[in-house]
Amino acid sequence: MRQTIPLIAIMLAAAVPVAAQTPAAPPSVKPTETCRADSLFRQQDFTVGEWDVFAGDKKTAEVSMKLILNDCVIEERWTVLDAARGGNGVGLFNYSPLLKNWGYYWATDTGATTSFRGSLIKPGEMRYVTERPLPNGKVRLRHWTLFANPDGTIRELSVGTEDGGTTWTTEYDLKWVRRK
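Residues numbered from 1 in each chain as written. Predicted model: local features only at pLDDT ≥ 70, side-chain atom pairs only at ≥ 80, totals over all residues. Heavy atoms only, no water.

Student: Where do I start with the overall build of the protein chain in this structure?
Tutor: Of the regular secondary structure elements, the protein chain holds 2 helices and 10 strands. Listed by position from the N terminus, the elements making up the protein chain come as α-α-β-β-β-β-β-β-β-β-β-β. Within the protein chain, buried positions represent 32% of all 180 residues. Within the protein chain, contacts between residues separated by at least 24 positions form 31% of all contacts whose residues are at least 6 apart in sequence. Counting every atom, the protein chain has about 11600 Å² of accessible surface; 59% of that belongs to carbon and sulfur. (Helix = DSSP H or I, 4+ residues; strand = E, 2+ residues; numbered from the N terminus. Buried < 20%, exposed > 50% of the residue type's maximum accessible area, 1.4 Å probe, protein only. Contact = heavy atoms within 4.5 Å. Areas by Shrake-Rupley, 256 points an atom, 1.4 Å probe, with all protein chains shown as cover.)

Here it is in structure tokens:
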């Protein structure tokens, strides 16, 4: 008498060798410590904290930068002082091991959204880049950079170009001062 083996048993038997070959995470590193232990995820930690934001001598906003999700993500909460104007927002910064760069997604109470790709230029200098199509068919390329200054402040500089980088204009140049 011939015995039949159910198809599911054959599939499971075939999968066992593949599963056995899959490398496990090193036992010394807990999954919740992966981002904490990876220096790539720590590149923008200089921005973490509570900050007052100035345009020249005028305080215009407050920003809170907090590590969340097992220190894999930096959450930004931006509060403008002129609430009638709008512009309060939330941003998320994260390093992607898959893409080998940083990502940033920004959304505001006015409905504006932006996404950027970024990278570490040098320690204490993160640059994010985005492109926006314009009604005239051109594209606005934007470089947005966060600089750690020697005095502990942060410079936030946004510049843009519509001619492929021949000329750049400053969109804004802000200074963050750590709240005490």
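Still to come is the rest of the account.
Student: Can you help me understand the side chain of Thr108 in this one?
Tutor: Considering the arrangement of structural elements, one finds Thr108 in strand S5 (residues 101-108). Not counting chain neighbours up to four residues away, the residues in contact with Thr108 comprise Gly87, Asn88 and Gly89.

Student: Whenever I open this one, the sheet that holds strand S3 (residues 73-80) confuses me. Can you help?
Tutor: Reading around the barrel, the 10 strands line up as S1-S2-S3-S4-S5-S6-S7-S8-S9-S10 and close back on themselves, with antiparallel pairing between neighbours. The mean angle between the axes of side-by-side strands here comes to 25°, regardless of whether they run parallel or antiparallel. Summarising the sheet, S5 and strand S6 (residues 113-122) pair through 6 bridges and their orientation is antiparallel. From the neighbouring strand, Trp102 faces S6, where its bridge partner is Gly118. (Pairing = 2+ DSSP bridges. Axes fitted to C-alpha atoms, helices over the stretch in contact; angles between N-to-C directions.)

Student: Looking at this structure, how should I read the pattern of salt bridges?
Tutor: Where charged atoms from two side chains of opposite charge approach closely, those side chains can pair. Evaluation of the coordinates by the stated rule reveals 14 salt bridges. Lys59 is the partner of Asp52 in a salt bridge, and the nearest nitrogen-oxygen pair spans 2.9 Å. Residue Lys59 is classed as partly exposed on the basis of its relative accessible area of 27%. Via salt bridges that share partners, Glu50, Asp52, Lys59, Glu62 and Arg179 belong to a single interconnected network. (Salt bridge = Lys/Arg side-chain N within 4 Å of Asp/Glu carboxyl O.)

Student: Hey, could you run me through the nonpolar core in this one?
Tutor: If you look at soluble globular proteins, the nonpolar side chains tend to sit buried side by side. If you look at the biggest cluster of nonpolar residues, it comprises 24 residues, and the most contacted ones within it are Trp78, Phe93, Tyr128 and Trp176. Put simply, the parts of the chain that give this core at least two residues each are strand S1 (49-55), strand S2 (58-68), S3, strand S4 (89-96), S5, strand S7 (125-133), strand S8 (139-148) and strand S10 (169-178). (Core = buried A, V, L, I, M, F, W, Y, C linked by side-chain atoms within 4.5 Å.)

Student: I would appreciate a short explanation of the environment of Ile68 in the present structure.
Tutor: Mapping Ile68 onto the fold places it in strand S2. Sequence spacing of Ile68 and Leu92 is 24 residues, and the spatial spacing of their C-alpha atoms is 9.7 Å.

Student: Before we go on, may I ask you to explain the pairing of S8 in this structure?
Tutor: Looking along a regular strand, one sees the side chains alternate between the two faces of the sheet. Burial runs high along S8: 7 of the 10 residues are buried. Pairing geometry for S7 and S8, over 9 bridges, is antiparallel. Note on S8: the bridge partner recorded for Thr130 is Arg142. In this antiparallel pair of consecutive strands, S7 and S8, the connection spans 5 residues, and Gly137 shows a positive phi of 90°. As defined by bridge partners, S8 adjoins strand S9 (residues 154-161) across 8 bridges and the pair is classed as antiparallel. What sits directly across from Leu146, in S9, is Glu156. What sits between S8 and S9 in their antiparallel hairpin is a turn of 5 residues, with Gly152 showing a positive phi close to 95°.

Student: In this structure, what is going on with the confidence of the model for the protein chain? I would like to understand it.
Tutor: Close reading of the predicted structure is inappropriate where its pLDDT is low. A residue-level look at the protein chain finds 82% of positions with pLDDT of 70 or above and a mean pLDDT of 87. Overall, residues 4-23 carries pLDDT values under 50, and its contacts beyond four positions in sequence, including any with other chains, amount to 1 contact. (pLDDT = per-residue confidence, 0-100.)

Student: Any chance you could explain the side chain of Thr145 here in plain terms?
Tutor: Among the secondary structure elements, Thr145 is positioned in strand S8. A polar contact of 3.1 Å, which involves the side chain of Thr145, links it to the side chain of Arg127. (Polar contact = N/O pair within 3.5 Å; in protein donor to acceptor, adjacent residues only side chain to side chain.)

Student: Which parts of the structure should I look at to understand unusual backbone geometry?
Tutor: Only a minority of non-glycine residues have a phi that is not negative, and only a minority of peptide bonds are not trans. Its identity as a non-glycine residue notwithstanding, Asn70 has a phi of 55°, on the positive side. Looking at Asn70, the relative accessible area reads 37%, which means it is partly exposed. We note that Asp71 has phi near 65°; this positive angle belongs to a residue other than glycine. Position of Asp71 among the secondary structure elements: in the loop between S2 and S3.

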